[in-house]
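Inside the fold
Listed below, chain by chain, are the residues.
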Amino acid sequence: MPIPVLTDSPFDRYLAELAAIAESRDDIIGLAGFGSTADRARADEWSDHDFAVVTAAGAEDRYRHDLGWLPASDEIALSVVEHHGGVKVIYDDGHVLEFGITSLADFTNWAGNRIEVIVDKGGVAEAVASILRAPLPEGEPDADRAIRLVLTQLLIGVGRYRRGEVLSAGRSIRDEATAYLLLALAQRLDGARERLDTLDPRRRFDFVHPEAAARIEAALRLDPESAARNLLGIAESTYGAGFPTRGAEALRRRLGWS
């Protein structure tokens, strides 16, 4: 049976409609929620619906490209199929969906850390259990590797900035180096690590480490080189034992930072 509406929220009502559609279609085998769609206690006004629709083999492309099966499909303002086959949808009111269409056999190869089986016509719960038992796709987070990648991306980024490649420099510094810094600090700082996302420990970093997050956010407001210099200082002052000091000295020497 479709899931009951636990609250009168639009989020839960939409999910109940989606479950009813999955139940009614013979070529849909199951529906599983991910993220806040699985853990609805943390859903808020900015949460999207993140889910997997498990179909009969061969039906995947039809469900990806013809979205008439979705609730309120006439209110879809934008949709896109990504290179890996995932689908993103925006409704007229700004409601967002992120979902995958998969056969049962392919579903067992997915990754996830919070999944709820919503509709199961056979084999979906077993597939979810297999997903949850599987090791992380990139292995356990490696703080020492991540902190070294912070330094490489900062140096590369500043070099590009000085060359005049401002946009590419910003990506290396504000995106790549920052992501590695958050990954490294998530492993080294004291805090409620269980609140972080095991697939992406950078998620909810702000809630677990608000002071470090505020310092990083302030650095990112600066021009690319100043941001890089500040991020290096944050990394050096917060990482603790094992920080690659020699690498930091080489970076400063190359860039002329005293």
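The preceding data block contains the structure.
Residues numbered from 1 in each chain as written. Predicted model: local features only at pLDDT ≥ 70, side-chain atom pairs only at ≥ 80, totals over all residues. Heavy atoms only, no water.

**Re the pairing of strand E1 (residues 28–34)**
This is how the line gets drawn: Think of it in three bands: with a 1.4 Å probe and only protein chains considered, a residue is buried below 20% of the maximum accessible area for its type, exposed above 50%, and partly exposed in between. The secondary structure listing takes helices from DSSP runs of H or I that are at least 4 residues long and strands from runs of E that are at least 2 residues long, numbered from the N terminus. A pair of strands counts as paired when DSSP detects no fewer than two bridges linking them.
Taken across its seven residues, E1 has six buried, putting it largely inside the fold. In terms of strand pairing, E1 meets strand E6 (residues 115–120) through five bridges, oriented antiparallel. If you follow Ala-32 over to E6, its bridge partner there is Val-117.

**Some remarks on a nonpolar patch on the surface**
Applied cut-off: Only residues whose relative accessible area exceeds 30% and that take part in no salt bridge are eligible for patches, with like-charged residues grouped when within 9 Å of each other and nonpolar side chains (Val, Leu, Ile, Met, Phe, Trp, Tyr) grouped when within 5 Å. The Shrake-Rupley method, run with a 1.4 Å probe sphere, supplies the accessible areas, and residue values consider only the shown protein chains as cover. The rule for a salt bridge is simple: a side-chain nitrogen of Lys or Arg has to be within 4 Å of a carboxyl oxygen of Asp or Glu.
A cluster of nonpolar side chains, contributed by Leu-78, Val-80 and Ile-90, occupies part of the molecular surface with about 230 Å² of accessible area. Relative to the elements of secondary structure, Val-80 occurs in strand E3 (residues 76–81).

**Some points on the sheet that holds strand E5 (residues 96–103)**
In a beta sheet, neighbouring strands pair by backbone hydrogen bonds and run either parallel or antiparallel. What counts is decided by this rule: To obtain each axis, a line is fitted to C-alpha atoms, and for helices this fit is confined to the stretch in contact; angles are then taken between N-to-C directions over 0 to 180 degrees. Residues are treated as being in contact if the distance between any of their heavy atoms lies within 4.5 Å.
Here six strands make up an open sheet; going across it, the order is E3-E4-E5-E2-E1-E6 and the pairing mixed. This sheet does not close on itself; its edge strands, each paired only once, are E3 and E6. When the angles between neighbouring strand axes are averaged without regard to direction, this sheet yields 20 degrees. Pairing geometry for strand E2 (residues 49–55) and E5, over seven bridges, is parallel. The residue of E5 that forms the bridge with Ala-52 is Gly-100. Along the sheet, helix H1 (residues 10–24) contacts E1, E2, strand E4 (87–91), E5 and E6; its crossing angle with E6, the most-contacted strand, is approximately 45 degrees. Helix H4 (residues 124–133) rests against E1 and E6 of the sheet, and its axis sits at about 165 degrees to E6.

**Digging into the packing of helix H5 (residues 143–163) against helix H9 (residues 224–238)**
Here is the rule we go by: For classification purposes, angles smaller than 35 degrees are called roughly parallel, those larger than 145 roughly antiparallel, those between 65 and 115 roughly perpendicular, and all remaining angles oblique. By definition, any crossing whose near helix is turned counterclockwise from its far helix by less than a right angle is left-handed, and any crossing with a clockwise turn is right-handed. Gly is placed with the polar residues, together with every amino acid not listed as nonpolar (Ala, Val, Leu, Ile, Met, Phe, Trp, Tyr, Cys and Pro) or charged (Asp, Glu, Lys and Arg).
Put simply, H5 and H9 touch, their axes get as near as 9 Å, and they point 160 degrees apart. By the angle between their axes, H5 is roughly antiparallel relative to H9. For the crossing formed where H5 meets H9, the hand is left-handed. Here Ile-147, Leu-151, Leu-154, Val-158, Tyr-161 and Arg-162 of H5 lie close against H9, whose contacting residues are Pro-224, Glu-225, Ala-228, Leu-231, Leu-232 and Ala-235. Counted by class, the contact of H5 with H9 contains ten nonpolar, no polar and two charged residues.

**Quick look at the nonpolar core**
Here is the rule: Think of a nonpolar core as a cluster: buried Ala, Val, Leu, Ile, Met, Phe, Trp, Tyr and Cys residues, connected wherever their side-chain atoms sit within 4.5 Å.
Of all hydrophobic cores here, the largest spans 33 residues; its most connected members are Ile-147, Leu-154, Leu-181, Phe-205, Leu-231, Leu-232 and Phe-243. Of all the secondary-structure elements, those providing two or more residues to this core are H5, helix H6 (166–188), helix H8 (210–220), H9 and helix H10 (245–255). At eight residues, H6 tops the list of elements feeding residues into this core. Here Leu-181 is in contact with Ile-147, Val-150, Ile-216, Leu-231, Ile-234 and Ala-235, once residues within four sequence places are set aside. If you look at the next biggest cluster of nonpolar residues, it comprises 23 residues, including Ile-21, Ala-22, Trp-69 and Tyr-91.

**With respect to H10**
For clarity, the cut-off: Working definition: the arc comes from the directions between the helix axis and the C-beta atoms, pointing outward to the latter.
Residues Ala-248, Leu-251 and Leu-255 constitute the buried set of H10. For H10, the arc enclosing every buried residue in end-on projection is 60 degrees, short of the 170-degree limit, so these residues lie on one face. Of the residues in H10, the exposed ones pointing more than 90 degrees away from the buried face are Arg-246, Arg-253 and Arg-254. On its buried face, H10 is in contact with H5 and H9. Phi for Gly-256, located one or two positions after H10, is positive at around 75 degrees.

**What to know about the pattern of salt bridges**
For the coordinates displayed, the defined rule picks out 13 salt bridges. Linking Glu-98 and Lys-88 is a salt bridge whose minimum nitrogen-to-oxygen distance equals 3.2 Å. On the criterion of sequence distance, the pair formed by Glu-98 in strand E5 and Lys-88 in strand E4 is long-range, its members being ten residues apart. Note on Lys-88: relative accessible area 30%, which makes it partly exposed. Residue Arg-252 pairs with Glu-236 through a salt bridge whose shortest N-O separation is 2.7 Å. Here Arg-252, found in helix H10, pairs with Glu-236, found in helix H9; they are 16 residues apart in sequence, far enough to count as distant.

**Focus: the layout of surface pockets**
A water-sized probe rolled over the atoms picks out the places where empty space is left. So the rule is basically this: A pocket, in this scheme, is an open set of points on a 1 Å grid over the protein atoms alone with protein on both sides within 12 Å along at least 5 of 7 lines, while a cavity is a set where a 1.4 Å probe fits but cannot get out; residues line either one if an atom lies within 4 Å of a point. Grid points are joined across faces, edges and corners, and a volume is the space filled by probe spheres set on the points.
In this structure, the second largest pocket spans a volume of roughly 370 Å³. If you go around the second largest pocket, you meet 17 residues; those closest to its centre are Pro-10, Asp-93, Gly-94, His-95 and Val-96. Among the elements that take part in the lining of the second largest pocket, H1 stands out by supplying four residues, more than any other.

By themselves, these figures tell us nothing about what the structure is for.
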